[in-house]
Amino acid sequence: MKKAMIIVNPSSGKEESLQHVRSVEEILRDQGYVVTVKETAKELDATRFCVNACEEACDLVVSIGGDGTLHETINGFIDQDHRPRLGVIPLGTVNDFARALQIPLSPELAIRTLTSARVKNVDMGLLNGRMFANVVATGSLAESLSAVSSDDKSMFGTFAYFKEGMKELISHPAHSLIVRYDDNIWEGKSPLFLATLTNSVGGFEKLAPDAAVDDGLLHCFIFKNLNILNTVTASISLFLGNLKDHSDIVYFTAKHVSVSSAEPVSTNVDGEEGPSLPIELGILPRHIEVIVPEEV
Ligand SMILES: Nc1ncnc2c1ncn2[C@@H]1O[C@H](COP(=O)(O)OP(=O)(O)OP(=O)(O)O)[C@@H](O)[C@H]1O
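Model, not experiment: these values are computed from the prediction. (Residues numbered from 1 in each chain as written. Predicted model: local features only at pLDDT ≥ 70, side-chain atom pairs only at ≥ 80, totals over all residues.)

Some thoughts on the overall build of the protein
Let me state the cut-off plainly: By definition, any uninterrupted DSSP run of H or I lasting at least four residues is a helix, any uninterrupted run of E lasting at least two residues is a strand, and each is numbered from the N terminus. C-beta atoms are placed from the backbone for every residue, and two residues are taken to be in contact when these atoms lie within 7 Å.
Looking only at helices and strands, the protein has nine helices and 16 strands in total. Contacts in the protein between residues at least 24 apart in sequence constitute 73% of all its contacts with a sequence separation of at least 6.

Dropping the structure here:
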């Protein structure tokens, strides 16, 4: 008998997740799964539930929520010999992981994807021993992203991050960062360092068009001291998909990266507040099997 666990965050996005649980249950039962539903009530519940799913040898875990719920869910896979296949129903405000895997952002279509026979083995990032699915950001601009309120996210979606970022850029100086990668070192002032596994960051699907979910690489961007003027040109590059070629951006790929600073600097991991610097980043190539839509 196949076993599936649904992990649902009722607070994600526009707080509509619970409406979709019944349809997910039905579609899984039709496929012969015995289904358990676990509703999160607080931080790290999704991780505990996913640990249980691994220990109970579930075949499938379905995460219903945003990138934060997904981040907590995948961290339940750490050190597990048995890792269930993952299904994703994106109900957050940004949903970078779903965007990167072409999982539909419409809940009804995403739920239908659970019948797909196609799976993809997807890289997971490591940050100080914990996993991440999309992106790590650090610097003053990243700090402002953690400060985006739930109300703003529900009201403005991706634009809430853009709005907060522009505000921060005008009011706060860059931090001194030291970025070490492979045999290289970059030192200087930067308002933002990003390490992404996926093309989509903060809902901008063209931020890192070269980042394939299974290429075993961290795609890194160091924003050099941005001002109002070059922010405009960087924004244009962002929309055109060639940010990595902008003269005020340092771009590289690596398997190991460390970032430190003499100043206290926090991070944003998969859209939620992360640990303070220093951080050590690594990669677990093709670590998790995710259900993705059939090829069209
Ligand atoms: N019942 C709950 N009430 C409030 N917060 C919760 C609850 N359950 C889990 N959480 C927390 O909510 C956080 C955010 O969830 P999630 O990312 O899914 O939604 P979101 O912030 O609306 O979406 P996005 O990350 O796409 O902006 C999770 O990191 C988790 O710790």
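Quick look at the site of the ligand
Quick reminder of the rule: Using a C-beta atom placed from the backbone, a residue is described as near a molecule or strand when that atom lies within 6 Å of it. Three residue categories are used. Nonpolar comprises Ala, Val, Leu, Ile, Met, Phe, Trp, Tyr, Cys and Pro, charged comprises Asp, Glu, Lys and Arg, and polar comprises the others, including Gly. What fixes the domain bounds is an automatic or database domain assignment.
Around the ligand there are 23 residues in total, and Gly65, Gly66, Gly68, Thr69 and Gly92 lie nearest to it. Counting residues per element, the shell around the ligand draws most heavily on helix α3 (residues 67-74), which supplies four residues. For the shell around the ligand, the residue count by class is three nonpolar, 13 polar and seven charged. Built from parts of two domains, the shell around the ligand gets at least three residues from each of domain 1 (2-115) and domain 2 (135-285).

Some thoughts on helix α9 (residues 228-240)
Quick note on the threshold: Multiplying 1.5 Å by the residue count of a helix minus one yields the expected span of that helix.
The end-to-end C-alpha separation of α9 is 19 Å, in line with the 18 Å expected for 13 residues at 1.5 Å each. After α9 finishes, the residue Gly241 shows a positive phi value of roughly 85°.

Some thoughts on the UniProt feature "domain: DAGKc" (unreviewed entry) in the protein
Put simply, the rule reads: UniProt positions are given in the numbering used here, feature names are shortened, and annotations may be inferred rather than shown by experiment.
Per the UniProt record, "domain: DAGKc" (unreviewed entry) is annotated on residues 1-131. Measuring from the first to the last C-alpha atom of residues 1-131 gives 30 Å, for a span that is 34% helix and 28% strand.

Re the sheet that holds strand β10 (residues 192-196)
To keep things clear, this is the line we draw: Whether two strands pair comes down to DSSP finding at least two bridges between them. Comment: axis = line fitted to C-alpha atoms, over the contacting stretch for helices; angle = value between 0 and 180 degrees taken between N-to-C directions.
What the six strands build is an open sheet, ordered β12-β11-β10-β7-β14-β15; its pairing is antiparallel. In this open sheet, the two strands that pair with only one neighbour each are β12 (249-254) and β15 (272-276). Recorded for the sheet is a direction-independent mean angle of 20° between the axes of neighbouring strands. One ladder, built from five bridges, connects β10 with strand β11 (residues 218-223); its direction is antiparallel. For Leu194, the partnering residue across the bridge sits in β11 and is Phe221.

Focus on the nonpolar core
Under the convention used in this document: Here a nonpolar core is just a set of buried residues of the types Ala, Val, Leu, Ile, Met, Phe, Trp, Tyr and Cys, joined wherever their C-beta atoms sit within 7 Å. A residue is called partly exposed when the number of other C-beta atoms within 10 Å of its own lies between 12 and 20, exposed at 12 or fewer, and buried at 20 or more, with C-beta atoms placed from the backbone.
Core analysis: the biggest nonpolar cluster contains 77 residues, and Ala4, Ile6, Ile7, Val61, Val62, Val136 and Leu194 have the highest contact counts within it. Per-element tally for this core: the top contributor is strand β16 (residues 279-291), with six residues. Two domains each provide a minimum of three residues to this core, namely domain 1 (2-115) and domain 2 (135-285). Among all residues touching Ala4, those that are not within four sequence positions of it are Leu28, Tyr33, Val35, Cys58, Asp59, Leu60 and Val62.

Points about the pairing of strand β5 (residues 119-127)
Here β5 pairs with β16 via eight bridges, running antiparallel. Considered in β16, the bridge of Lys120 is made with Val290. Both β5 and strand β6 (residues 130-132) contribute to a ladder of three bridges, which runs antiparallel. Within β6, the position partnered with Gly125 by the bridge is Phe132. What sits between β5 and β6 in their antiparallel hairpin is a turn of two residues, with Asn128 showing a positive phi close to 45°.

Side note on the domain arrangement of the protein
Taken domain by domain, the protein holds domain 1 (2-115) and domain 2 (135-285). Opposite the 11 residues of domain 1 that make contact, domain 2 presents 17 residues. If you list the elements that add at least two residues to the side of domain 1 that touches domain 2, you get α3 and α4 (96-100). Across the side of domain 1 that touches domain 2, the residue classes break down as four nonpolar, three polar and four charged.

Re unusual backbone geometry
Residue Pro278 follows Leu277 across a cis peptide bond; omega there is 10°. Tracing the chain through its elements places Pro278 in the loop between β15 and β16. In this model, Leu44 sits at a positive phi of 75°, which is unusual for a non-glycine residue. With respect to the helices, strands and loops of the structure, Leu44 is situated in the loop between β2 (33-39) and α2 (45-55). Residue Leu44 is classed as exposed on the basis of its C-beta count, with 11 C-beta atoms lying within 10 Å. The phi angle at Asp270 is positive, at roughly 50°, despite the residue not being glycine. By the element assignment, Asp270 lies in the loop between β14 (266-269) and β15.

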